[in-house]
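Observations on chain architecture
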Amino acid sequence: MRVAVYPGSFDPITYGHMDIVKRALKVFDKLIILISANPTKNSLFTPEERVDMVKVALKPCIDKVDVFISNELSVKETKRLGATHMIRGLRAMTDFEYEFQLTHTNRVLEKDIDSVFFMTDNKYSFLSSTTVKEIALFKGELGPFVPEYVEQKIKEKLNY
Ligand code: ADP
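Residues numbered from 1 in each chain as written. Predicted model: local features only at pLDDT ≥ 70, side-chain atom pairs only at ≥ 80, totals over all residues. Heavy atoms only, no water.

Position of D95 among the secondary structure elements: in helix 4 (residues 93-109). Judged by relative accessible area, D95 falls into the buried class, the value being 13%. Sequence-distant contacts of D95, that is, excluding residues within four places in its chain, are made with G89 and L90. (Helix = DSSP H or I, 4+ residues; strand = E, 2+ residues; numbered from the N terminus. Buried < 20%, exposed > 50% of the residue type's maximum accessible area, 1.4 Å probe, protein only. Contact = heavy atoms within 4.5 Å.)

Once that is clear, we can look at the pattern of salt bridges. Summed over the entire model, instances satisfying the criterion amount to 17 salt bridges. Its salt-bridge partner being E156, residue K153 comes within 3.6 Å of it at the nearest N-O pair. Taken together, the residues span about one helical turn, with K153 and E156 both in helix 6 (residues 148-158) at a distance of three residues. According to the relative accessible area criterion, K153 is partly exposed, its value standing at 22%. We classify E156 as partly exposed; its relative accessible area is 46%. (Salt bridge = Lys/Arg side-chain N within 4 Å of Asp/Glu carboxyl O.)

What follows concerns the environment of V75. Residue position: V75 is located in helix 3 (residues 74-80). Sequence separation of V75 and V116 is 41 residues, and the distance between their C-alpha atoms is 13 Å.

For helix 5 (residues 129-137), the full list of buried residues reads S129, V132 and A136. Around the axis of helix 5, the buried residues are gathered within 60° of arc, so they sit on the same side. Tucked into the core, helix 5 has its buried residues touching helix 1 (15-24) and helix 6. Following helix 5 by one or two positions, K139 has its phi on the positive side, about 55°. (Arc of directions from axis to C-beta.)

Moving on to the site of the ligand. The ligand sits among 19 residues. The nearest are Y6, F10, G89, Y124 and L127. The separation between an oxygen atom of the ligand and a polar side-chain atom of R88 is 3.3 Å. The contact in question runs from an oxygen atom of the ligand to an N or O atom on the backbone of G89, over 2.8 Å. (Near = heavy atom within 4 Å. Polar contact = N/O pair within 3.5 Å; in protein donor to acceptor, adjacent residues only side chain to side chain.)

With 33 residues, the main nonpolar core has I13, I33, L58 and I87 as its most contacted residues. Secondary-structure elements contributing two or more residues to this core are strand 1 (3-8), helix 1, strand 2 (30-36), helix 2 (47-57), strand 3 (65-70), helix 5 and helix 6. (Core = buried A, V, L, I, M, F, W, Y, C linked by side-chain atoms within 4.5 Å.)

Next up on the list: the sheet that holds strand 4 (residues 85-90). Strand order in the open sheet formed by five strands is 3-2-1-4-5, with parallel pairing between adjacent strands. Looking at which strands have only one partner, the edges of the open sheet turn out to be strand 3 and strand 5 (114-119). The average undirected angle you get between the axes of adjacent strands in this sheet is 30°. In this sheet, strand 2 lies alongside strand 1 in parallel orientation, the contact comprising six bridges. Across the sheet, Y6 pairs through a bridge with I33, a residue of strand 2. Running over the sheet, helix 1 touches strand 1, strand 2, strand 4 and strand 5 and is turned about 115° from strand 5. (Pairing = 2+ DSSP bridges. Axes fitted to C-alpha atoms, helices over the stretch in contact; angles between N-to-C directions.)

Buried residues dominate strand 2, accounting for six of its seven residues. For the crossover that starts at strand 1, traverses helix 1 and ends in the parallel strand 2, the hand is right-handed. Relative to strand 3, strand 2 runs parallel, the two being bridged by six bridges. Along strand 3, the bridge assignment pairs L31 with V65. The parallel pair strand 2 and strand 3 is bridged by helix 2, and the resulting crossover is right-handed. (Right-handed = clockwise from strand over helix to strand, strands pointing away.)

Next comes the structure, spelled out in structure tokens:
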């Protein structure tokens, strides 16, 4: 069975992340979504809340997806979980620069773990969790970017 780890903040999950999951599941039999609990990042949602939103958003394919919280380096966690590949999404060239550094650093740390990159549908190529949170702060429309359940959770969190 081909298992890959998809690490990230998922604060919160967006249609961009979901599009990457859909594409990755055509290549891998199982995905482990690894939610980074990095306390240095200023997150809107707790790791547990993010797990809940990921599970609801990915309900149609949840039999092929596990969701875990991680306090470790993703590449080390990937090795520990017995997976061989990490999934990353690419939006624009700006993502490439960062992912290039990350992939080579990860190879130094764990030479057997490789990264696989997918590009989202063009309509999500500008979308990030950060953008969603900025729109939410100004009470903008969230429907085009996140599933209804996530929209509801953002609104509860920000009281609107
Ligand atoms: P961000 O805060 O940048 O949205 P995460 O840390 O949750 O993202 O991202 C996890 C992974 O998912 C990264 O590889 C990121 O590039 C990718 N990703 C996030 N949003 C998108 C999108 N709209 N299209 C493609 N990849 C995405």
